[in-house]
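Breakdown of the fold
Residue-level listing of the chains:
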Amino acid sequence: MIPTLQRLLSVGQAFAYGGRRGRQGCAVNPRVIMALLIIGGSLIYHWLGTTSYQNEFTGRTQTLALASHEEEIALGLQSAPEMIREMGGLSRDPAGRSLVEKVGARLIASTAAQQTPYQFKFHLLSDARTVNAFALPGGQIFITEALFRRFKSEDQLAGVLGHEMGHVVGRHSNEQMANSRLWSGLAQGLGILLSDGSNNTGAYVANMVAQWRVMKFSRDDELESDALGLRFMMQAGYNPEALIGVMEILAEASGVSGGSDFMSSHPSPDNRIEKIREVIARERGGR
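Nothing here was measured: the structure is a model prediction, and the numbers come from that model.

Side note on the confidence of the model for the protein
If pLDDT is low for a region, its predicted coordinates should not be looked at in detail. Looking at the protein as a whole, the pLDDT averages 82, with 77% of positions reaching at least 70. Low confidence marks residues 1–23, where pLDDT is under 50. Its contacts with residues over four positions away, or in another chain, come to 18 contacts. A low-confidence stretch, residues 256–263 (pLDDT under 50), is modelled with 22 contacts involving residues beyond four sequence positions or located in other chains.

Examining the sheet that holds strand β3 (residues 121–125)
Across the sheet, 3 strands lie side by side as β3-β5-β4; this open sheet has mixed pairing. Two strands in the sheet have a free side with no partner beyond their single neighbour: β3 and β4 (133–135). Here the strands of the sheet are splayed against their neighbours by 15° on average, with no regard to which way each runs. Relative to strand β5 (residues 140–144), β3 is paired through 5 bridges, and the arrangement is parallel.

Points about the environment of F57
Counting through the fold element by element, F57 comes out in the loop between β1 (51–54) and β2 (61–64). Taking the C-alpha atoms as reference points, F57 and G170, 113 residues apart in sequence, are found 6.8 Å from one another.

Points about the side chain of T144
Among the secondary structure elements, T144 is positioned in strand β5. When sequence neighbours within four positions are dropped, the list of residues in contact with T144 reads M87, L124, L125, D127, T130, V131 and N132.

Observations concerning the pattern of salt bridges
Summed over all chains, the structure comprises 11 salt bridges. Across the pair R60 and E175 runs a salt bridge whose closest N-O atoms are separated by 3.0 Å. Linking R60 in the loop between β1 and β2 with E175 in helix α7 (residues 172–194), this pair joins segments that are 115 residues apart in sequence. The buried category is assigned to E175, whose relative accessible area is 10%. Measuring nitrogen to oxygen at the nearest pair gives 2.9 Å for the salt bridge that ties R272 to D226.

Remarks on the packing of helix α4 (residues 94–109) against helix α6 (residues 154–169)
In the contact formed by α4 and α6, the axes pass within 10 Å of each other and the chain directions differ by 60°. By the angle between their directions, the pair α4 and α6 is classed as oblique. As α4 runs across α6, the sense of the crossing is right-handed. Residues L99, V100, K102, V103, G104, R106, L107 and I108 of α4 lie in contact with α6, whose contacting residues are E154, L157, A158, L161, G162 and M165. Taken together, the residues of the contact of α4 with α6 break down into 9 nonpolar, 2 polar and 3 charged.

A few points about the pairing of β2
Only one face of β2 is covered, namely the face carrying Q62 and L64; the face carrying T61 and T63 is uncovered. Here 4 bridges tie β1 to β2, and the two strands are oriented antiparallel to one another. Pairing of Q54 across the sheet is with T61, part of β2. Between β1 and β2, which pair antiparallel one after the other, the connecting turn spans 6 residues, and G59 there sits at a positive phi close to 80°.

Remarks on empty space enclosed by the protein
One pass over the full model with this rule turns up 1 cavity of 30 Å³ or more. Lining the largest cavity, in full, are E72, A135, L136, P137, H167, V168, R171, H172, S173 and N174. Top element by residues in the lining of the largest cavity is α7. It accounts for 3 residues. Residue composition of the lining of the largest cavity, by class: 4 nonpolar, 4 polar and 2 charged.

As for the packing of aromatic side chains
Within this structure, the stated rule accounts for 4 aromatic pairs. Ring centres of Y118 and F120 lie 6.2 Å apart, and the angle between their planes is 80°; on these two criteria the pair is classed as edge-to-face. For the pair F120 and F122, a centre-to-centre distance of 6.5 Å together with 10° between the ring planes defines the contact as stacked. As far as burial versus exposure is concerned, F120 and F122 are alike and both buried. Members of the aromatic cluster, each reached through a chain of ring pairs, are Y118, F120 and F122. Cation over ring: R106 sits above Y238, and NZ or CZ is 3.9 Å from the ring centre. Its guanidinium or amino end placed over the ring of Y53, R171 lies 4.4 Å from that ring's centre, counting from NZ or CZ.

So, the nonpolar core
The nonpolar side chains of soluble globular proteins are, as a tendency, buried together. Residues L107, F120, I143, F151 and M165 are the most contacted members of the largest nonpolar core, which totals 42 residues. In terms of residue count, the dominant contributor to this core is α6 (7 residues). The residues touching I143, leaving out its near neighbours within four places in the chain, are V100, H123, L124, L125, N132, A133, F148, F151, L157 and V160. A80, M87, L125 and F134 belong to the second largest nonpolar core, which has 7 residues in total.

What to know about unusual backbone geometry
Although it is not a glycine, R171 adopts a positive phi angle of roughly 55°. For R171, the location among the structural elements is in the loop between α6 and α7. Look at R171 and you get buried, because its relative accessible area is 1%.

Conventions adopted
Residues numbered from 1 in each chain as written. Predicted model: local features only at pLDDT ≥ 70, side-chain atom pairs only at ≥ 80, totals over all residues. Heavy atoms only, no water. pLDDT = per-residue confidence, 0-100. Contact = heavy atoms within 4.5 Å. Pairing = 2+ DSSP bridges. Helix = DSSP H or I, 4+ residues; strand = E, 2+ residues; numbered from the N terminus. Axes fitted to C-alpha atoms, helices over the stretch in contact; angles between N-to-C directions. Salt bridge = Lys/Arg side-chain N within 4 Å of Asp/Glu carboxyl O. Buried < 20%, exposed > 50% of the residue type's maximum accessible area, 1.4 Å probe, protein only. Parallel < 35°, antiparallel > 145°, perpendicular 65-115°, else oblique. Left-handed = near helix turned anticlockwise from the far one by under 90°. Nonpolar A, V, L, I, M, F, W, Y, C, P; charged D, E, K, R; others polar. 1 Å grid on protein atoms, 1.4 Å probe; cavity = no way out; pocket = protein on both sides within 12 Å on 5 of 7 lines; lining within 4 Å. Points joined across faces, edges and corners; volume = space filled by probe spheres on them. Phe/Tyr/Trp six-rings, centres within 6.5 Å; stacked < 30°, edge-to-face > 60°. Lys NZ or Arg CZ within 6 Å of the ring centre and 35° of its normal. Core = buried A, V, L, I, M, F, W, Y, C linked by side-chain atoms within 4.5 Å.

Shown next, in the form of structure tokens:
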């Protein structure tokens, strides 16, 4: 894309400085031309380089960076060993690893997730300090000992694993890749357009807007994964209210229970609890 932009910029500069038939007053600032080319190129690349997908789990139409499930699986399998190393390796607790695998298998066997091509695998990591769980595209799911040890029931473990399954079948990482790429390009173009050449205020504002937009997608993904995880829990026979207990654990671990969600990649635990109660009521009412 860069060589094409350079050629187009050269043409634009020739027009700006040469004018049409030598007339004055037709010059266009090269900075504006560059900004518009970057913005236009980002939009065109997003349109041509992404895939539209109707998600059977959420009902949403998504714009994805990777067209196939197989590409997601390959990316997840490629990234998994590095993630395991970064988190201190796999847990040395065989009983803990076995429980995580057992609960994950029960969730898969009881839900429509088993009908997907994803290669689900559940890992207990030895990290005893970081309270976290996450999923890679394609089905690789991880939970740290620091979070695992805080659970009071198998249902709470199921809530976290179900939530991470929601990220996988919701294809959230894939969607985020496409959105981040688009908004990064738009921010770069807007930063140039808003800049006066003497300071970086325009670029700062544009990056703030792009960051806020991407974080908004992240917060929506978390709530959507909560809803999917609750559905999976109920289908597997687990108590969905256990996920409320997980939110309380996360709030205690972070030291934050309420407050604004602005500029946060995750909704606050209090806000998530409210949404969880709504989803439980809706899922039970739909039975």
